[in-house]
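Each chain, letter by letter, is given below.
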Amino acid sequence: MPAVRVVKWGVGGEGSMFSPQLAKRIEERLARDEQVILLLNRRAFSTCIRCPDCGATARCPNCDITLRYHRVGLKLECHYCGHVEKAFDLCPECRGHRLSYSGVGTQRVEKELERLFPEAKLSRMDLDTTRSQGAHQDILTRFARREFNILLGTKMVAKGHDFPGVTLVGVLGADFEWLRPDFRAIEKAFRLLVQASGRTGRTGPGEVLIQSWEPTHPMLRWVQQHDYKQLYLSEIKSRAGLSYPPFGRLIALWVIGPRLETVVEAAAVMRELLSEVLETATVLGPAPPPVERVENLYRRKLLVKLPARFDTKVRADKSAVGQVVDRLRGRFQRSRLRFVVDVDPVEA
């Protein structure tokens, strides 16, 4: 297994996307004509454009999210609804020109790589470069032929590839993976980092360098030691205390509609009805998701936690959830509301 090292990382001035340790190791590999894979699971150039003079930010008109700046095509894009508009040089609010581009995406890292290693042959693989038919396989084929020294991309570069020339894998911003509102976030982050680590050392010594704001995080230590058992023991203890799977079953309930007031009202009524009829289950919420409005539709979420056992009472509670949703569909039929039931949700 490859040696895995973790270093402190901070985003700030020019060049700080790469720690000195990672920059040095990339330089060494290029000098030896070896290959490097770099993983950053965020596409675009910048995640937010802000005017420091008036504080305005470029936001999607359809969703409660900032627009991502894409250097290729000079466009602003919403990664939820797909809204696209032309990037601007002056603040549309105050006409200020001191725009601040914050956040890091693969396009921004690509530009920094070109500045730091001008002689390197670089390819970027993310959703923006693989939209056309065959583009994904073409990039991988050319990298296998050693036409590129560096392959930069999102999680698609970490999955199952076998390139004997790769002796270094660098992970930028590993923290993005576990700082998610999902009880499976640590597990998913561990899986991705272990998968990425497996891209090097296939035929000889390999090295993995992970940049993190929190280099002492226990999960990173488990990745370094390739210790899935400790991950399991930690996660299973946490889930047992909170009755999350496999110690419980989950049903996510979504209320979605064009008017916030109606969505909030329907979600509150749903909570009240569920509390009246459920015997074995616990109801959490309603609460707004991290992005409350998507495609001009507001959302509220409730989470029903059922025991893992499947006896008569649990079956009755599961059936009661469906009956409550059916009642609400009839009650709010004219309000253009959608009630979505997600049993065993992938993200919760």
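In what follows, the structure referred to is the one given above.
Summary of the structure given here. Quick caveat: nothing in here was measured; it's all calculated off a predicted structure.

About the cut-offs
- Note on numbering: residues in each chain are counted from 1, in written sequence order.
- Since the coordinates come from a predicted model, pLDDT governs what is reported: local features require at least 70, and pairs of side-chain atoms require 80 or more to be given and counted, while whole-chain, interface and lining totals use all residues.
- Working from all heavy atoms in the structure, the side-chain values ignore hydrogens and water.
- In what follows, salt bridge is the name for a side-chain nitrogen of Lys or Arg lying within 4 Å of a carboxyl oxygen of Asp or Glu.
- Secondary structure elements are taken from DSSP: a helix is a run of H or I of four residues or more, a strand is a run of E of two residues or more, and numbering for both begins at the N terminus.
- Note on classification: 1.4 Å probe, protein chains only; a residue is buried when its accessible area is under 20% of the maximum for its type, exposed when over 50%, partly exposed between these limits.
- Ring pairs are drawn from Phe, Tyr and Trp, using the six-membered ring of Trp, whenever the two centres fall within 6.5 Å, and their geometry is named by plane angle: stacked under 30 degrees, edge-to-face over 60, tilted for the rest.
- Our definition puts a charge over a ring when NZ of Lys or CZ of Arg is within 6 Å of the ring centre and also within 35 degrees of the ring normal.
- Pairing between strands requires that DSSP locate at least two bridges from one strand to the other.
- The handedness of a crossover follows from its direction of travel: if, with the strands pointing away from the viewer, the path from the first strand over the helix to the second runs clockwise, the crossover is right-handed.

## Side note on the pattern of salt bridges
This structure, assessed with the given rule, holds 24 salt bridges. A salt bridge links Arg 25 to Glu 207, with the nearest nitrogen and oxygen atoms 2.6 Å apart. With a gap of 182 residues between them, Arg 25 in helix H1 (residues 20-31) and Glu 207 in strand S11 (residues 207-212) connect regions that are remote in the sequence. Since its relative accessible area comes to 8%, Glu 207 is described here as buried. Each of Arg 5, Arg 25, Glu 28, Arg 29, Arg 32, Glu 34 and Glu 207 takes part in salt bridges that share partners, so that together they form one network.

## Concerning the packing of aromatic side chains
The relative placement of two aromatic rings is captured by the distance of their centres and the angle of their planes. In the structure shown here, the tally under the stated rule is 4 aromatic pairs. A centroid spacing of 5.2 Å and a plane angle of 75° characterise the contact between Phe 176 and Trp 213, whose relative ring orientation is edge-to-face. With Phe 176 in helix H4 (residues 175-178) and Trp 213 in the loop between S11 and helix H6 (218-224), the pair connects residues that are 37 residues apart, well separated along the chain. For Phe 176, a relative accessible area of 13% puts it in the buried group. Residue placement shows Lys 305 over the ring face of Tyr 244; its charged tip is 4.5 Å from the ring centre.

## Focus on the pairing of strand S8 (residues 122-125)
As paired elements, S8 and strand S9 (residues 150-153) share 4 bridges and run parallel to each other. Residue Ser 123 lies in a different strand from S9, and its bridge partner there is Leu 151. This β-α-β element, S8 to helix H3 (residues 135-144) to S9, shows right-handed connectivity.

## Here's the deal with unusual backbone geometry
In this structure, Pro 246 follows Pro 245 across a cis peptide bond, with omega equal to 10°. Looking at the secondary structure, you find Pro 246 in the loop between helix H7 (228-242) and strand S12 (248-257). For Asn 296, which is not a glycine, the phi torsion comes out positive at approximately 60°. On the secondary structure map, Asn 296 appears in the loop between strand S14 (293-294) and strand S15 (297-307). Using a relative accessible area of 39% as the deciding quantity, one classes Asn 296 as partly exposed.

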